[in-house]
Amino acid sequence: MLRFLLLFSRQGKLRLQKWFTPLSDREKKKVIRDMMMLVLPRLPRTCNFLHWKDLKIVYKRYASLYFCAGLEDQDNELLALEVLHRYVELLDKYFGNVCELDIIFNFEKAYFILDEFLMGGEILETSRFAVGVSMEEADTLQETMEEYMSKPAY
Amino acid sequence: MPAPIRLRELIRTIRTARTQAEEREMIQKECAAIRSSFREEDNTYRCRNVAKLLYMHMLGYPAHFGQLECLKLIASQKFTDKRIGYLGAMLLLDERQDVHLLMTNCIKNDLNHSTQYVQGLALCTLGCMGSSEMCRDLAGEVEKLLKTSNSYLRKKAALCAVHVIRKVPELMEMFLPATKNLLSEKNHGVLHTSVVLLTEMCERSPDMLAHFRKLVPQLVRILKNLIMSGYSPEHDVSGISDPFLQVRILRLLRILGKNDDDSSEAMNDILAQVATNTETSKNVGNAILYETVLTIMDIKSESGLRVLAINILGRFLLNNDKNIRYVALTSLLKTVQTDHNAVQRHRSTIVDCLKDLDVSIKRRAMELSFALVNGNNIRGMMKELLYFLDSCDPEFKADCASGVFLAAEKYAPSKRWHIDTIMRVLTTAGSYVRDDSVPNLIQLITNSVEMHAYTVQRLYKALLDDISQQPLVQVASWCIGEYGDLLVSGQCEEEEPIQVTEDEVLDVLEGLLVSNLSTPVTRGYALTAIMKLSTRFSSVNRIKKVVSIYGSSIDVELQQRAVEYNALFKKYDHMRSALLERMPIMEKTASNGPTEIVQTNGETEPSVVEPKHPPPVTQPTNQATDLLDLLGGNDMVSVIQTTVPTKPASAGGELLDLLGDLSLSGIPPITAYNKNGLKIDFTFERANPNPNIAVITIHASNSTETDMTDFVFQAAVPKTFQLQLLSPSSNVVPALNQGTVTQVIRVLNPQKQQLRMRIKLTYTHRGSAVQDLAEVNNFPPQSWQ
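Residues numbered from 1 in each chain as written. Chains lettered and ligands numbered in written order. Predicted model: local features only at pLDDT ≥ 70, side-chain atom pairs only at ≥ 80, totals over all residues. Heavy atoms only, no water.

(A) Geometry of the interface of chain B and chain A. Facing the 74 residues of chain B at the interface are 69 residues of chain A. When the buried surface of chain B facing chain A is broken down by residue, Arg8, Arg83 and Phe244 of chain B rank first, second and third, together holding 13% of it. Remark: the boundary between chain B and chain A carries eight salt bridges. A salt bridge links arginine 251 of chain B to aspartate 75 of chain A, with the shortest nitrogen-to-oxygen separation between them at 3.1 Å. Summed over the shared surface of chain B and chain A, the number is 30 residue pairs in polar contact (both at pLDDT 80 or more). In the side of chain B that touches chain A, the residues fall into 31 nonpolar, 17 polar and 26 charged. (Contact = heavy atoms within 4.5 Å. Buried area = accessible area lost by both parts, 1.4 Å probe. Salt bridge = Lys/Arg side-chain N within 4 Å of Asp/Glu carboxyl O. Polar contact = N/O pair within 3.5 Å; in protein donor to acceptor, adjacent residues only side chain to side chain. Nonpolar A, V, L, I, M, F, W, Y, C, P; charged D, E, K, R; others polar.)

Structure (structure tokens):
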């Protein structure tokens, strides 16, 4: 299972944090700091896998955002790259040509999409259409249209 | 009260802050507004406020005051509220706080909600952060939902069940009936999560594992359909249909086929099919191949299949994609023990990976290379590994050096090769070598008797080049100290002997003593080496001079050594050649080498353990000279205490423990002294390896009503004996016989003469200092015969 999934920018700003095991606030902050320290200095054409404590760390950079996941020993790293890619695809489908600003201004949507794709560190849905369909339907249930629905002008 | 600002508005505003301080100010202002809004129990805008709070939390600011608000949102009827409420619960609450338990009832209600998306929210929250108590309370609801026909809910219930089982493994049984027809689902989401659930159950319980083995044919069928099926846009990834599900099935098959012949047989064909037909041009295909290889290696597959798997890994090694090379090296590392020969075939490719630019790959390649070294390939492999050691990053050097030493020790084709290899490591990566390598190497060199001359010559030459690498310098000084005579006499057979004089050698060693590059430990080595040369070289006067200079060194360690060596020259010259003679071949203790003979702080005092040498002579203290003065007239030889009484030496401590019982050895104890309330008993034991040594333990007890403090016991014996006094257990003899002070005396009596002893006692009692002398003549004959 995945232990955590983090999204952060090149400048070290956290954009999303999903934890699949219970950790204290201090422990979470430490993990975030360590991941940034490990991943941000990496050179462009190096391996996407690292070892950190007893976990395998898989990271991939998409434009200005780093997607970083912590895996357990029996997890398949190559597949984890596909998982990260699928999540980006889902964001892209939902937001239409997603960029970092979309995730900043609509972070709660990014979480909702993630929660339709992964749960408890495991993949919940493998169909790329099903997640989008669920999101659309759930969005229509939202009572206040003005709150979240309109795409904001940044 | 105006409406609180919108989430997006806040985000935009905060992003305009130019400094951290400005941002903090904005955040504090907004938090204050939010807090007052919470206090007013404003239902309309609670959702908006919590959302803003979550954003600020992500920036790193505290948001705990919003926890209860999240609970209120969850309890609300509005879907918008619930969505944000559950998100907030997952971000702000955790199972450590009791607050989270308040969610349980809401979740229970929402699990039975009429809208599946609400049920989904509840399942998601429970499945991500549910504590053990919550899981216990709600497991029944989850189990119900696991049996629903609604695939949206069923897949979520499956992963929620996985979480429940992880938290409360005893509940696993209750999910068993619901798993009956999970695999007959067509929906991929349900299939995938079901496979995950089955995997979790099989991993946790051997009974479940046995029970689910019957699913192997069904799993094989599903996998086959995935491979053979046509293009399905919703599941396709670069031409492969639902790789996530394929990999998960392969993983479950691995668990089911392990140690089971029938299951392994049933999956053989499909594994071969996947291994040969999967497209390898993209990462996704390789992900599946990787999982397939792991499965093949773990189950009882036939040998042809295993060879296929290793060959796939071999091909991975040649792949342009770094990730794939990395994964291949990791897998090969796992299989190298069981399929050693197959992996050996790829040795040259693996060795090439040492030259890869990527750090992660280099590390894996290094580990794997060491695992592949054997008696046949040692020469070739070592050449590559030494070359790697030369050029690799500092973070690798320590591990690589250790690996080289280990490999060289196991498979060295000749002693000369071994020494050469060690020399190479010391000269190229000398400062990265681990501390314990120095004693191990010294032991190795000692035991290669015929190579002594060659070794010392090479080490000497290395020292002339470079004295900055401490482990090299330490080993070299030690060797020069031991074998300096061979160096000077030019006896080397292996290579051209160099011409070097005694003075040149002493110059080098003295150079080490004064150099800024030498650490205190190294200086210790150098000084000891110089001392040892006093019995091997003829320029004794020069050595005496050096040793006496360091008698006033600021470094306490050096000073102590110098003073002791000085004493060797002055008073114990007759013992000097015996003490400093050539070291015998050391026996290895544990696999780490002779830790008891050579202490890891670099000390190599020749006197420590060898029973053949006479007991060590240590630092003369002022007390000893007092005793001498005192006993001036007699022909008694003084004896010196070892360490300060507050720090008991470990050897003494053990002996003290051993001799707790008074009548151990059959030699009757005696009362040596009994005056003014102070009684001193002697108990006896023979020291094991050397029957000439009698071990006496004194037991001092005090029958008065006040303690005797600063208690010091001293002893002297006739000239033909030698005496060693170890540290006392304490220097306070408690009043009213409440305890004893014990101290161990070792007496060497080679001529088996009658033992006599003169003792001196000093202590403070009732505020005044007391001193007394006595002779002990009542030693039982067994103690000295």
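The discussion continues.
(B) Structural view of a negative patch on the surface. Residues Asp261, Asp262, Glu265, Asp269 and Glu302 of chain B make up a contiguous surface patch of negative charge. Locating glutamate 265 of chain B in the fold gives a position in helix α14 (residues 261–277). (Patch = residues over 30% accessible without salt bridge, like charges linked within 9 Å, V, L, I, M, F, W, Y side chains within 5 Å. Areas by Shrake-Rupley, 256 points an atom, 1.4 Å probe, with all protein chains shown as cover. Lys, Arg positive; Asp, Glu negative; His and termini not counted. Charge placed at Lys NZ, Arg CZ, Asp CG, Glu CD. Helix = DSSP H or I, 4+ residues; strand = E, 2+ residues; numbered from the N terminus.)

(C) Looking closely at the confidence of the model for chain A. Taken over all residues, the pLDDT of chain A has a mean of 91, while the share at 70 or more is 93%. Every residue in residues 148–154 of chain A scores below 50 in pLDDT, and together they form 24 contacts with partners more than four places removed in sequence or on other chains. (pLDDT = per-residue confidence, 0-100.)

(D) A look at the domain arrangement of chain B. Here chain B is partitioned into domain 1 (435–580) and domain 2 (670–783). Relative placement of domain 1 of chain B and domain 2 of chain B: their C-alpha centres are 39 Å apart. (Domains from an automatic or database assignment.)

(E) Representation of the sheet that holds strand β2 (residues 14–19) of chain A in the model. Residue and element names in this part refer to chain A. Taken in spatial order, the five strands make up an open sheet running β2-β1-β5-β4-β3, and their pairing is antiparallel. At either end of the open sheet lies a strand with only one pairing partner, and these are β2 and β3 (49–52). For this sheet, the mean angle separating the axes of adjacent strands, direction not counted, is 20°. With seven bridges joining them, strand β1 (residues 2–9) and strand β5 (residues 65–71) adopt antiparallel strand pairing. Looking at β5, one finds that leucine 5 is bridged to alanine 69. (Pairing = 2+ DSSP bridges. Axes fitted to C-alpha atoms, helices over the stretch in contact; angles between N-to-C directions.)

(F) Seen up close, the UniProt feature "domain: AP complex mu/sigma subunit" (unreviewed entry) in chain A. Per the UniProt annotation, the sites labelled "domain: AP complex mu/sigma subunit" (unreviewed entry) are residues 1–140 of chain A. Between the end C-alpha atoms of residues 1–140 of chain A the distance is 32 Å, and the span holds 46% helix and 26% strand. (UniProt positions renumbered as here; feature names shortened; annotations may be inferred.)

(G) Geometry of the pairing of β1 of chain A. Residue and element names in this part refer to chain A. With respect to burial, β1 is a largely interior element, seven of its eight residues being buried. Bridging between β1 and β2 involves five bridges; their strand directions are antiparallel. Opposite phenylalanine 8, over in β2, you have leucine 14 as the bridge partner. Joining the antiparallel neighbours β1 and β2 is a turn of four residues, in which glycine 12 adopts a positive phi near 85°. (Buried < 20%, exposed > 50% of the residue type's maximum accessible area, 1.4 Å probe, protein only.)

(H) Summary view of helix α1 (residues 25–39) of chain A. When the terminal C-alpha atoms of α1 of chain A are compared, their 21 Å separation across 15 residues agrees well with the 21 Å that a helix rising 1.5 Å per residue should span. Among all positions in α1 of chain A, only Lys28, Val31, Ile32, Asp34, Met35, Met36 and Val39 of chain A are buried. If you follow the buried residues of α1 of chain A, they end up packed against β1, β2, β3, β4 (55–62) and β5 of chain A together with α5 (79–92) of chain B. (Expected span 1.5 Å × (residues − 1).)

(I) Summary view of the environment of aspartate 352 of chain B. With respect to the helices and strands, the residue aspartate 352 of chain B is situated in helix α19 (residues 347–352). Taking the C-alpha atoms as reference points, aspartate 352 of chain B and leucine 318 of chain B, separated by 34 residues in sequence, lie 9.9 Å from one another.

(J) Highlighting the packing of aromatic side chains. Applying the stated criterion across every chain, the model contains 16 aromatic pairs over all chains. Aromatic pair phenylalanine 67 of chain A and tyrosine 87 of chain A: ring centres 6.2 Å apart, planes at 70°, arrangement edge-to-face. Of the two residues, phenylalanine 67 of chain A is situated in strand β5 and tyrosine 87 of chain A in helix α2 (residues 77–95); the sequence distance between them amounts to 20 residues. In terms of burial, phenylalanine 67 of chain A and tyrosine 87 of chain A fall into one category: buried. Aromatic side chains phenylalanine 711 of chain B and tyrosine 763 of chain B sit 6.4 Å apart centroid to centroid with 35° between the ring planes, which places their arrangement in the tilted category. Placement of phenylalanine 711 of chain B in strand β7 (residues 708–718) and of tyrosine 763 of chain B in strand β10 (residues 757–765) is noted, with a sequence separation of 52 residues between them. As far as burial versus exposure is concerned, phenylalanine 711 of chain B and tyrosine 763 of chain B are alike and both buried. Its end group placed over the ring of phenylalanine 65 of chain B, arginine 35 of chain B keeps NZ or CZ at 4.1 Å from the ring centre. (Phe/Tyr/Trp six-rings, centres within 6.5 Å; stacked < 30°, edge-to-face > 60°. Lys NZ or Arg CZ within 6 Å of the ring centre and 35° of its normal.)

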